[in-house]
Amino acid sequence: MNKKTNLFLGLLVTLLSIIGVFTLFSTAFGAGDTPSVRGSLFTVMFGSSTTGYALVPGLLVAFILLCLSILVGLIASFMPGKLGTIVFGLNGLLLAGSGVLWCLAPSLYASANAEIISDMAESITLGTGCICALIFSFAGALLSFYGAYSSSKQ
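Residues numbered from 1 in each chain as written. Predicted model: local features only at pLDDT ≥ 70, side-chain atom pairs only at ≥ 80, totals over all residues. Heavy atoms only, no water.

**Q** Any chance you could break down the overall build of the protein for me, citing the residues and the numbers?
**A** A tally of helices and strands in the protein yields 6 helices and 3 strands. Counting from the amino terminus, helix and strand elements in the protein follow one another as α-β-β-α-α-α-α-β-α. Per-residue burial over the protein gives 45% buried out of 154 residues. Approximately 7500 Å² of the protein is accessible, and the part contributed by carbon and sulfur atoms is 75%. (Helix = DSSP H or I, 4+ residues; strand = E, 2+ residues; numbered from the N terminus. Buried < 20%, exposed > 50% of the residue type's maximum accessible area, 1.4 Å probe, protein only. Areas by Shrake-Rupley, 256 points an atom, 1.4 Å probe, with all protein chains shown as cover.)

**Q** How would you sum up the packing of aromatic side chains? Please name residues and give values.
**A** Inspection of the entire model under this criterion finds 5 aromatic pairs. Taking the centre distance of 5.5 Å and the plane angle of 85° together, the rings of F42 and F63 count as edge-to-face. Pair noted here: F42 is in helix 2 (residues 41-46) and F63 is in helix 3 (residues 57-77), with a separation of 21 residues, a long-range link. Using a relative accessible area of 17% as the deciding quantity, one classes F42 as buried. (Phe/Tyr/Trp six-rings, centres within 6.5 Å; stacked < 30°, edge-to-face > 60°.)

**Q** Lay out the environment of K4 in plain terms, naming residues and giving numbers.
**A** For K4, the location among the structural elements is in helix 1 (residues 3-22). You can call K4 exposed: its relative accessible area is 70%. Note: C-alpha distance between K4 and F78 (74 residues apart in sequence) is 9.4 Å.

**Q** Tell me about the nonpolar core, and please be specific about residues and values.
**A** Judged by nonpolar contacts, the single largest core of 32 residues is most densely connected at L24, F29, L41, M45, L59 and W102. At the level of secondary structure, the elements contributing two or more residues to this core comprise helix 1, helix 2, helix 3, helix 4 (81-103), helix 5 (105-112) and helix 6 (128-152). Ranked by residue count, the leading element in this core is helix 3, at 7 residues. Not counting chain neighbours up to four residues away, the residues in contact with L41 comprise L24, S26, A28, L59, W102, G129 and C130. (Core = buried A, V, L, I, M, F, W, Y, C linked by side-chain atoms within 4.5 Å. Contact = heavy atoms within 4.5 Å.)

**Q** Can you break down the packing of helix 1 against helix 3 residue by residue, with the values?
**A** In the contact formed by helix 1 and helix 3, the axes pass within 8 Å of each other and the chain directions differ by 160°. Between helix 1 and helix 3, the angle is such that the two are roughly antiparallel. With respect to the hand of their crossing, helix 1 and helix 3 are arranged in left-handed fashion. Residue-level inspection shows N6, L7, G10, L11, T14, S17, I18, G20 and V21 of helix 1 in contact with helix 3, the latter providing F63, L66, C67, S69, I70, G73, L74 and S77. (Axes fitted to C-alpha atoms, helices over the stretch in contact; angles between N-to-C directions. Parallel < 35°, antiparallel > 145°, perpendicular 65-115°, else oblique. Left-handed = near helix turned anticlockwise from the far one by under 90°.)

**Q** I'd like a rundown of a nonpolar patch on the surface, residues and numbers included.
**A** On the surface, a cluster of nonpolar side chains totalling about 360 Å² of accessible area is made up of L7, L11, L74 and F78. With respect to the helices and strands, the residue L11 is situated in helix 1. (Patch = residues over 30% accessible without salt bridge, like charges linked within 9 Å, V, L, I, M, F, W, Y side chains within 5 Å. Salt bridge = Lys/Arg side-chain N within 4 Å of Asp/Glu carboxyl O.)

**Q** Give a description of helix 3 that names residues and reports values.
**A** Here helix 3 is 21 residues long and its end C-alpha atoms lie 30 Å apart, about the 30 Å a rise of 1.5 Å per residue gives. Within the span of helix 3, buried status applies to G58, L59, A62, F63, L65, L66, S69, V72, G73, A76 and S77. (Expected span 1.5 Å × (residues − 1).)

**Q** Give me the lowdown on the packing of helix 4 against helix 5, citing residues and values where you can.
**A** Across the interface, helix 4 lies against helix 5 with an axial gap of 5 Å and an inter-helix angle of 65°. Contacts between helix 4 and helix 5 involve L101, W102 and C103 on the former and, on the latter, A105, P106 and L108. Of the residues belonging to the contact of helix 4 with helix 5, the class tally is 6 nonpolar, no polar and no charged. (Nonpolar A, V, L, I, M, F, W, Y, C, P; charged D, E, K, R; others polar.)

In structure tokens form, the structure reads like this:
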């Protein structure tokens with residue numbers, strides 16, 4: 001893979017990660033047929049003392065992995081040859097881990113706030129923020145793994 005392709009893939013993966021962070025401002029969860037009243041993913045992830053909801057450590061880890069992938073994607077875009085394979089692979093693992101954690105967001109939220117939401121824990125579903133974050137995480141992971149594969153063929 002030449003340097004221009006490395007640069008393009010790295011910047012594209014970085015852009016997908018940045019968009020994934022911005023989608024966290026969207027609605028976190030739905031509850032059956034009604035939209036969520038819990039707020040954005042940032043509100044859910046960090047908790048709120050006014051509503052009594054606790055910090056959700058699994059979602060915080062997913063956010064940190066998504067933010068780390070922005071930095072690693074920028075580094076990967078400037079790495080030549082075989083070294084690019086390692087950095088693109090690391091970025092793919094970061095994004096894949098983040099996507100899996102976004103898929104598990106309702107259960108992570110329910111377990112962190114078990115005593116508060118025990119009556120409606122089964123009705124919480126993925127909201128638009130979680131779905132968009134996991135789509136952009138998995139899309140970035142696929143591009144990162146393609147970048148690692150192409151760099152290894154060089």
